[in-house]
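Per-entry structural report
Here is how the chains run, residue by residue.
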Amino acid sequence: MSSSDIFIGETIGTAVLILLGGGVVAAVTLKRSKALGAGWLAITFGWGFGVLTGAYIAVGLSGAHLNPAVTIGLAIEGTTAWSDVPLYIASEIFGAMIGATLVWLAYYGHFRAHLTDPEVLCEAQTGQEGLVDKDTAPAAGPVLGIFSTGPEIRNAVQNLATETIATAVLVLAILTQGLTEGLGVSGTGVLMTALVVVGLGLSLGGPTGYAINPARDLGPRIVHALLPLPNKGGSDWGYAWIPVAGPLLGGAIAGGIHQLCFA
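Residues numbered from 1 in each chain as written. Predicted model: local features only at pLDDT ≥ 70, side-chain atom pairs only at ≥ 80, totals over all residues. Heavy atoms only, no water.

**Structural notes on the side chain of H224**
The criterion, for reference: Helix and strand assignments come from DSSP, with helices taken as H or I runs of at least 4 residues and strands as E runs of at least 2, each series counted from the N terminus. Contacts described as polar in this section are N or O atom pairs within 3.5 Å, which, within protein, must combine one atom able to donate a hydrogen with one able to accept it, while residues neighboring in sequence count only if both atoms come from side chains. Residue contacts are counted whenever heavy atoms from the two residues lie within 4.5 Å of one another.
Within the element layout of this structure, H224 appears in helix α11 (residues 214-226). Looking at H224, its side chain comes within polar contact range of the side chain of S235, at 2.8 Å. Beyond its immediate chain neighbours, meaning those up to four positions away, H224 contacts V143, L144, F147, L229, K232, G233, G234 and S235.

Structure below.
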């Protein structure tokens, strides 16, 4: 793969992933959306379809990592050259920022309606927007969850462990696809990965919102901080290291397990 293939594939693929994944959260969250209140099941399947679409778009160009944790796992496993890792990760974060910006554009009027709604503003001021303890947790704005993740119970050790475990399962599932004859050739591997993401959301997404992807969380969080959203509140940077460190650690663990047990 050339550098341009990696950049184009990872940027476009990750942008589509975040557009569809962030889009389903916006649809379920924002006032006057037709999908308002559709719930966690809609969100998990929306993210799974986002992975499916983005990966099918990118797989022919860059291999469709779309996730720095996957890139790290593949580098440890040996499929990806370590010299290509910085380009992969930078392209993924850039693509995630583009995808988050497109979500804002697609729901522009809804963001404004939601963030000027008196009920929403009252909830945000009283700390009812997903924050367990407003005194110890930095203020997260009322639409931050559309862009990035946050825990339901803020405990750094537990939150880090949840993200690490979930990402290790995801990356190990990807790395072991080659052991099933014909899975990669048929293109079914991309579908299997998307279904794993849905399963992780249903099983392990409850505590932290299952970032399982540093680019998916960091890129949109940066966009949230930069966008001219009225009454948007904070971007919760005090938590931002967990959905970066946890998935990277999980990807590395999965790569190590693969080399020890499956190589």
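After presenting the structure, the write-up continues.
**Let's talk about the packing of aromatic side chains**
Inclusion rule: For Phe, Tyr and Trp, rings pair up if their centres lie within 6.5 Å, where Trp contributes its six-membered ring, and each pair is then called stacked (planes under 30 degrees apart), edge-to-face (over 60) or tilted (otherwise). Buried, partly exposed and exposed residues are distinguished by accessible area as a fraction of the type maximum, computed with a 1.4 Å probe on protein chains only: under 20%, between the cut-offs, and over 50%, respectively.
Scanning the entire structure with this criterion turns up 5 aromatic pairs. Taken together, a centroid distance of 5.8 Å and an interplanar angle of 65° make the contact between W40 and Y210 edge-to-face. One end of the pair, W40, is in helix α2 (residues 40-62); the other, Y210, is in the loop between α10 (188-204) and α11, and 170 residues separate them in sequence. Residue classification places Y210 among the buried residues on the basis of a relative accessible area of 5%. Here the aromatic rings of W104 and Y108 are separated by 5.7 Å at their centres, their planes lie at 70°, and the arrangement is edge-to-face. A relative accessible area of 15% means that W104 is categorised as buried.

**What about the confidence of the model for the protein?**
Short version of the rule: The predictor attaches a confidence to each residue, called pLDDT, with possible values from 0 through 100.
Residues at a pLDDT of 70 or more form 91% of the protein, whose mean pLDDT is 91. Within the model, the stretch residues 129-133 combines pLDDT values under 50 with 13 contacts to residues more than four positions away or in other chains.

**Structural notes on unusual backbone geometry**
Phi is positive for R32, which is not a glycine, with a value near 70°. Along the chain, R32 falls in the loop between α1 (3-29) and α2. Given the relative accessible area of 71%, R32 is considered exposed. Notably, D236 is not glycine yet its phi reads approximately 55°, a positive angle.

**Some details on the packing of helix α8 (residues 156-175) against α10**
Keep this limit in mind: Note on geometry: axes are lines fitted to C-alpha atoms, helical ones only across the stretch in contact, with angles between N-to-C directions running from 0 to 180 degrees. These descriptions rest on fixed angle ranges, namely under 35 degrees for roughly parallel, over 145 for roughly antiparallel, 65 to 115 for roughly perpendicular, and the rest for oblique. With the far helix as reference, a near helix turned anticlockwise by less than a right angle produces a left-handed crossing, and one turned clockwise produces a right-handed crossing. Residues are sorted three ways: Asp, Glu, Lys and Arg are charged, Ala, Val, Leu, Ile, Met, Phe, Trp, Tyr, Cys and Pro are nonpolar, and all the rest, Gly among them, are polar.
Their axes nearest at 10 Å, the elements α8 and α10 cross at an angle of 160°. The angle between the axes of α8 and α10 places the two elements in the roughly antiparallel class. Every pair of crossing elements has a handedness; the one defined by α8 and α10 is right-handed. Between α8, through T162, I165, A166, V169, L170, A173 and I174, and α10, the contact on the second element is made entirely by T193, V196, V197, L200 and L204. Partitioning the contact of α8 with α10 into residue classes produces 10 nonpolar, 2 polar and no charged.

**Considerations on the nonpolar core**
As a reminder, the rule being used: Residues enter a nonpolar core if they are buried and are Ala, Val, Leu, Ile, Met, Phe, Trp, Tyr or Cys, with the set joined through side-chain atoms within 4.5 Å.
Counting 38 residues, the largest nonpolar core has W47, F111, V143, I146, F147 and L229 as its most contacted members. Within the residue set of this core, elements represented by two or more residues are α1, α2, α4 (85-106), α5 (108-115), α7 (144-147), α8, α10 and α11. Take this core: its biggest share by element is 7 residues, from α1. The contacts of I146, once residues within four sequence positions are left out, are G22, V25, A26, T29, L30, V103 and F111. Formed by 6 residues, the second largest nonpolar core is a distinct cluster that contains A69, V70, L74 and V171.

**Observations concerning the environment of P151**
Mapped onto the fold, P151 is located in the loop between α7 and α8. The spatial distance from the C-alpha of P151 to the C-alpha of I242 is 10.0 Å, given a sequence separation of 91 residues.

**A word on the pattern of salt bridges**
Going by this rule: Salt bridge, as used here, is a side-chain nitrogen of Lys or Arg placed within 4 Å of a carboxyl oxygen of Asp or Glu.
For the structure shown, the criterion picks out 3 salt bridges. The shortest N-O distance in the salt bridge between K31 and E119 comes to 3.4 Å. In this pair, K31 is assigned in the loop between α1 and α2 and E119 in helix α6 (residues 118-125), connecting sequence segments 88 residues apart. Taking the relative accessible area as the measure of exposure, K31 reaches 22% and is therefore partly exposed. Exposure remark for E119: the relative accessible area of 47% places this residue in the partly exposed category. R154 is the partner of D236 in a salt bridge, and the nearest nitrogen-oxygen pair spans 2.7 Å. With D236 in the loop between α11 and α12 (242-261) and R154 in the loop between α7 and α8, the pair connects residues that are 82 residues apart, well separated along the chain. For D236, a relative accessible area of 3% translates into the label buried. Since its relative accessible area comes to 30%, R154 is described here as partly exposed.

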